Structures are given as structure tokens and as C-alpha cells.
Amino acid sequence: MANKQGEGQEFFMRIENPKTFRRNLLESSKLTLGVLKQTYSVKQLREMKEEIMGMIDKEIKELKLLVQRLDEMVPKHSEQEIRRRFPEINFRKQLLKANLPPKVMEKPELKVVPVKPAPAEVKPKPKPKPKPLKKVSEVDKLTQALDDVMYKLKNL
Amino acid sequence: MISESNPIFVKIDKYKEILEVVGVINKKIVNVKQLLSELEALKSKEEDEIMNWEKNMDEITHKIELLKEELTGD
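Predicted model only: the values in this text are computed from it and were never measured. (Residues numbered from 1 in each chain as written. Chains lettered and ligands numbered in written order. Predicted model: local features only at pLDDT ≥ 70, side-chain atom pairs only at ≥ 80, totals over all residues.)

Undergrad: With reference to specific residues and values, describe the overall build of chain A.
TA: Counting its regular elements, chain A contains six helices and two strands. For chain A, the sequential pattern of α-helices and β-strands runs β-β-α-α-α-α-α-α. Expressed as a percentage of its 156 residues, the buried residues of chain A come to 1%. (Helix = DSSP H or I, 4+ residues; strand = E, 2+ residues; numbered from the N terminus. Buried ≥ 20, exposed ≤ 12 C-beta atoms within 10 Å, placed from the backbone.)

Take a look at the structure:
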């Protein structure tokens, strides 16, 4: 409890439990310093996080390049292109020579048909996207790359 | 596009190169996974710190309230 003592210019407060008051004050001060210390600790943790995120970013960019390289190394000629380039090779005869079951031969014929209309449906979608974008940001580039991959996956 | 049922043939030198690239990719993936787990650990540490922060702030508020009560006699 606090009471006003004296009149005029000077005022005095009576503190009932000075020890408790002082303890509370010191404990508040201690906690405040603790919070400040924690602030530095959190800042440090965030710096470490940023550093690790940077490393992850770098690794993922390198991974992207490696996957692109891998993609370039794997042959991607279509059956029709191979037939055009090497007309002397008869694929049907080759497959028969290899004693492959007839089902294997039938599959490509069946699959070639549905593959043709698919690009016609999907192709127009990614094309209009890059045209309106004049300033291509990093995110846009990534989105475009993702679209390309999705397109390739759809046409597999 | 090459249909699933048809095999593809890769030159031996390219094949070796492909294996090397795949090896490097695997190493990188392991590294990224490790980095991600480190990041996760740091994240949970940060969350703990912030929880403590809030707890301490509540305690400070309580102590200050007590001081205020002592001073004002409320």
C-alpha cells in the first residue's frame, strides 16, 4: 500500500514491502535482459537459417543444371524420326528377330495414335503465357520451366 | 516421343557419363536433405526461443503490474 506523505512540493510514497518491491524490480530487469539475449540468439539463428537456405538454393540450382545435362544426354528421337533417318532399318523385323512377344509390337502402334492429339491440345497452353510477360522474373522463369516439364511429362 | 514399350540405346561413353551425373545428383540430393534437416532443427530452436520470449514477456508484464500496484496502491 502506498500513502502520500507531506504537503507542498515534495511527495513521498510509502512502500509496504520494500524487499518484495526490489525483488520484483530486479527480476523484471533480469527477465528484460534475458529477452534481449534471446533477441540476439534468435537473430543468430535466423542468420544461420539464411545461410543454410542459400546453400540449399545453390545446391538446387546445381541439381537443375545436372538434370538438364542428363536430359540432354539421353536420346530423345521419336520413332518416326528414327524411321526417317534410318529408313533401311525395319523395326518390325528387328523385333521379330529378337523374338519379342507380339504384344510389345502392338503397343507402340496403339500408343502412337493417342500421343498425336495430345500435343495439339496442350501446346497452345504454354505458348500464350510467355508472350505477355515482358519482364521475366526468377519466379516466372521457374514457372515456365515447370510448365515445360509438365508438358513433357504429359506427352511421355 | 519414345513409347514405353520401345527400348532406347545409349552410347557406352555417354552411358558412363550419365552414371557419373546420376552419382553427382544423388550426392547433391543427400546433401540437400541434410541441409533441410539442419534447417528444420534451427527452425524448431527458433520456435522454442520465441516461446520462451513470450513466456518471459508475460512474466515481465506480471512483475511490472505488481510494481505498479505497489506504487499506486490499486
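After that view, the rundown keeps rolling.
Undergrad: Describe in detail the overall build of chain B, supporting the description with residues and values.
TA: When its secondary structure is counted, chain B shows one helix and zero strands. Within chain B, buried positions represent 4% of all 74 residues.

Undergrad: Can you explain helix 6 (residues 138-154) of chain A? Please cite residues and give values.
TA: For helix 6 of chain A, with 17 residues, the first-to-last C-alpha span of 24 Å sits near the 24 Å given by 1.5 Å per residue. Burial runs low along helix 6 of chain A: only zero of the 17 residues are buried. (Expected span 1.5 Å × (residues − 1).)

Undergrad: Kindly report on the confidence of the model for chain B, identifying the contributing residues and their values.
TA: Close inspection of predicted coordinates is inappropriate for parts of the model with low pLDDT. With 88% of its residues at a pLDDT of 70 or more, chain B has an overall mean of 86. On the interface metric, ipTM, the complex scores 0.75, and its pTM is 0.58. (pLDDT = per-residue confidence, 0-100.)

Undergrad: Any chance you could break down the packing of helix 1 (residues 18-73) of chain A against helix 1 (residues 12-72) of chain B for me, citing the residues and the numbers?
TA: Two numbers describe how helix 1 of chain A lies on helix 1 of chain B: the axes approach to 7 Å, and their chain directions differ by 165°. The orientation of helix 1 of chain A relative to helix 1 of chain B falls into the category roughly antiparallel. When you trace helix 1 of chain A past helix 1 of chain B, the crossing you get is left-handed. Looking at the contact of helix 1 of chain A with helix 1 of chain B residue by residue, the class counts come to 34 nonpolar, nine polar and 17 charged. (Axes fitted to C-alpha atoms, helices over the stretch in contact; angles between N-to-C directions. Parallel < 35°, antiparallel > 145°, perpendicular 65-115°, else oblique. Left-handed = near helix turned anticlockwise from the far one by under 90°. Nonpolar A, V, L, I, M, F, W, Y, C, P; charged D, E, K, R; others polar.)

Undergrad: Can you tell me about the confidence of the model for chain A, naming the residues and giving the values?
TA: Residues and elements named next belong to chain A. Per-chain confidence: chain A averages 73 in pLDDT, with 61% of residues scoring 70 or above. Mean pLDDT values for the elements of chain A range from 44 in helix 4 (residues 102-115) up to 91 in helix 1. Counting contacts from residues 101-113, a segment whose pLDDT is below 50, to residues more than four positions away or on other chains yields 14 contacts. (Contact = placed C-beta atoms within 7 Å.)

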